[in-house]
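Here are the chains, one letter per residue:
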Amino acid sequence: MEAPRRCSLTGKESSARRRLESIARHLLPPEILVRDLYPNPLSAEELSSWDPAPVIIGGMVLDIHAKPSAHPVPGTTTPGKVQYVSGGVARNVAECMSKLGNKPFMISVVGHDMAGDLLLKYWKSAGLPTKGILKLEGIITPVVSNIFDSSGELAMAVASVEAVETFLTPGWIQQFWHIICSAPLLMVDANLNSRSLEVACQTAAGSGIPVWFEPVSVTKSRRIASVVNYITCASPNENELVAMANALSPGKEYSYIQHEALKGKRHSVESLFEMLKPAMCLLLQKGIKLLVVTLGSDGLFLCCGEGLSFMKDDLRSSRVGSFGRQLYDLVNESCSSKKHINFIKSGERSSKFFAFHYPALPASVVSLTGAGDCLVGGILASICNGLDVMQSVAVGIAVAKAAVETQTNVPAKFSPRTVADAAKQILSAAKVFQLE
């Protein structure tokens, strides 16, 4: 007997389904809507032959970048440039990883609208898997309107990202538990609602998969409170770090003095370290193994405890492209982290926790919006490609430098040699600090 064929929808059937989805969206809770109308898009055959890949869960956003060519005058239009740019923290991280030799699996949600079509069109053209991206009728794809000053600094932004919190549900995430549990690592961004964060992190941690938490913003960074027991790594900036520490210790107040508060005077790396040290120690005490605290033009602190290894060798990604292999070879040839690793293993250190300060490299700034995401993407891709954490952080900073020198959130391409040379310069200048 001939196997039944899967019929495509006729025009009337397709129209009827869209009306049903629209009605259901207003009447049913998102969890039931997603579970009942959108069954697992991956077949049993696809799951059984799945090649492990890093999993990224979070927002796909269309960014609208507006940069004036002159000082804006309130109450009237100002000449300048307006661009549509693919964005969203998780999306940017995944795209960056793909350009560094990885093929991450993205779990997200978009709408049936212009913004959603643009985001998916790029994703397909890049050869990245789209099965984890839910496309829902009648919802508005997340959009962020960024307004910059004439120097390229973000002046203000308006975000409409409710779809991620509402429709990126635990039920949709759980449909990909097999892929999450076989991944070399999971990254979640804090655009997810608390329940979805918990389900994603619990699923990965239950199978021993490292979880990277990207805070997104000061307000959303506090969502770490419900999932800290499952988090392996986190990548806050100074203000997000302090907000996370306060969320994890209700009875104690952590603070941080902004550069601007000192009338233009910049902190030294040593004074930055002393101010941030209590909050960094708290997060490490809560069980986070690796903390990357970004400091803008002052570089970053890489904080850890017993050691720098958190990946199991058998969890390394097998989806490494030619770029990733080339970058791995170049970095290993020229960028040794032996002296730093030897320090960790030696008896020289007197504290349980310690931090390495990495400097930032000078850059010709065009836009700063994608730099932090490319930093994380560069670190994760390098770790999955087999580099150690010290080398991977240096690569991440080199990739972030390339990002600030382009209009898009993620550069169109990277040069393996340029990235490796920059990583060598960065790692050679890393300094160690004792945290306790």
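Everything numeric here is computed off the predicted structure, so don't read it as measured data.

Caption draft 1: Structural detail: the pattern of salt bridges. Tallied over the full model, the rule gives eight salt bridges. Where Arg91 meets Glu95, a salt bridge forms, and the shortest distance between an N and an O atom there is 2.4 Å. Here Glu95 and Arg91 lie together in helix 4 (residues 89-99), a separation of four residues that amounts to about one turn. Across the pair Lys135 and Asp117 runs a salt bridge whose closest N-O atoms are separated by 2.6 Å. Placement of the pair is Lys135 in strand 5 (residues 133-136) and Asp117 in helix 5 (residues 114-125), with a sequence separation of 18 residues.

Caption draft 2: Seen up close, the packing of helix 16 (residues 389-404) against helix 17 (residues 416-428). With their axes 8 Å apart at the nearest point, helix 16 and helix 17 run at an angle of 115° to one another. Crossing of helix 16 against helix 17: the hand is right-handed. Mapping the contact onto sequence places Met390, Gln391, Ala394, Val395, Ile397, Ala398 and Val399 in helix 16 and Val419, Ala422, Ala423, Ile426 and Leu427 in helix 17. Residues that form the contact of helix 16 with helix 17 fall into these classes: 11 nonpolar, one polar and no charged.

Caption draft 3: Just the sheet that holds strand 1 (residues 55-57), in detail. Overall, mixed pairing links the 10 strands, which are arranged 5-4-1-8-9-10-11-12-13-14 in an open sheet. Every other strand in the sheet has two partners, leaving strand 5 and strand 14 (431-434) as the edge strands with one partner each. Here strand 11 (residues 290-294) pairs with strand 12 (residues 300-304) via five bridges, running antiparallel. Within strand 12, the position partnered with Thr294 by the bridge is Leu300. The strands touched by helix 4 within the sheet are strand 1, strand 4 (105-111), strand 8 (186-189) and strand 9 (211-214), with strand 1 carrying the most contacts at an inclination of about 155°. Sitting on the sheet, helix 9 (residues 194-206) is in contact with strand 1, strand 8 and strand 9, with an inclination near 170° to strand 8.

Caption draft 4: Quick look at unusual backbone geometry. Not every positive phi belongs to a glycine, and Val216 is a case in point at roughly 75°. Within the secondary structure layout, Val216 lies in the loop between strand 9 and helix 10 (218-221). For Val216, a relative accessible area of 25% translates into the label partly exposed.

Caption draft 5: Structural view of the environment of Ala243. When you line up the elements, Ala243 lands in helix 11 (residues 238-248). Judged by relative accessible area, Ala243 falls into the buried class, the value being 5%. Separated by 23 residues in the primary sequence, Ala243 and Lys220 have C-alpha atoms spaced 9.2 Å apart. The contact partners of Ala243, leaving out residues within four places of it in the chain, are Val218, Ser221 and Arg222.

Caption draft 6: Layout of the sheet that holds strand 7 (residues 154-160). Ordered by their spatial adjacency, four strands build an open sheet running 3-2-6-7, and the pairing between neighbours is mixed. Single-partner strands in this sheet number two, and they are strand 3 (80-87) and strand 7. Within this sheet the neighbouring strands show an average axis-to-axis angle of 15°, counted without direction. Summarising the sheet, strand 6 (residues 143-148) and strand 7 pair through six bridges and their orientation is antiparallel. Paired with Ser145 across the two strands is Val158, which belongs to strand 7. Helix 5 contacts strand 2 (61-68), strand 3 and strand 6 of the sheet and is inclined by roughly 100° relative to strand 2.

Caption draft 7: Representation of the pairing of strand 9 within the structure. Going residue by residue along strand 9, you find Val211 and Phe213 tucked away on one face and Trp212 and Glu214 tucked away on the opposite face as well. Across four bridges, strand 8 lies against strand 9 in parallel orientation. From the neighbouring strand, Val188 faces strand 9, where its bridge partner is Phe213. Where the polypeptide runs from strand 8 across helix 9 and back to strand 9, its parallel neighbour, the crossover connection is right-handed.

Caption draft 8: Representation of the packing of aromatic side chains in the model. The tally for this structure, following the rule as stated, stands at six aromatic pairs. Residues Trp172 and Phe176 carry aromatic rings whose centres are separated by 5.2 Å and whose planes lie at 75° to one another, so their mutual orientation is edge-to-face. Across this residue pair, the class does not change: Trp172 and Phe176 are buried. Seen in terms of ring centroids, Phe273 and Phe301 are 5.6 Å apart; in terms of plane orientation they differ by 65°. Their pairing is edge-to-face. Taken together, the residues Phe273 in helix 12 (residues 269-285) and Phe301 in strand 12 connect sequence positions 28 residues apart. Residue classification places Phe273 among the buried positions, given a relative accessible area of 2%. Residue classification places Phe301 among the buried positions, given a relative accessible area of 0%. These aromatic residues form a ring-pair network of at least three members: Phe105, Trp172 and Phe176.

Reading the values: rules and limits
- Residues numbered from 1 in each chain as written.
- Predicted model: local features only at pLDDT ≥ 70, side-chain atom pairs only at ≥ 80, totals over all residues.
- Heavy atoms only, no water.
- Salt bridge = Lys/Arg side-chain N within 4 Å of Asp/Glu carboxyl O.
- Helix = DSSP H or I, 4+ residues; strand = E, 2+ residues; numbered from the N terminus.
- Axes fitted to C-alpha atoms, helices over the stretch in contact; angles between N-to-C directions.
- Left-handed = near helix turned anticlockwise from the far one by under 90°.
- Contact = heavy atoms within 4.5 Å.
- Nonpolar A, V, L, I, M, F, W, Y, C, P; charged D, E, K, R; others polar.
- Pairing = 2+ DSSP bridges.
- Buried < 20%, exposed > 50% of the residue type's maximum accessible area, 1.4 Å probe, protein only.
- Right-handed = clockwise from strand over helix to strand, strands pointing away.
- Phe/Tyr/Trp six-rings, centres within 6.5 Å; stacked < 30°, edge-to-face > 60°.

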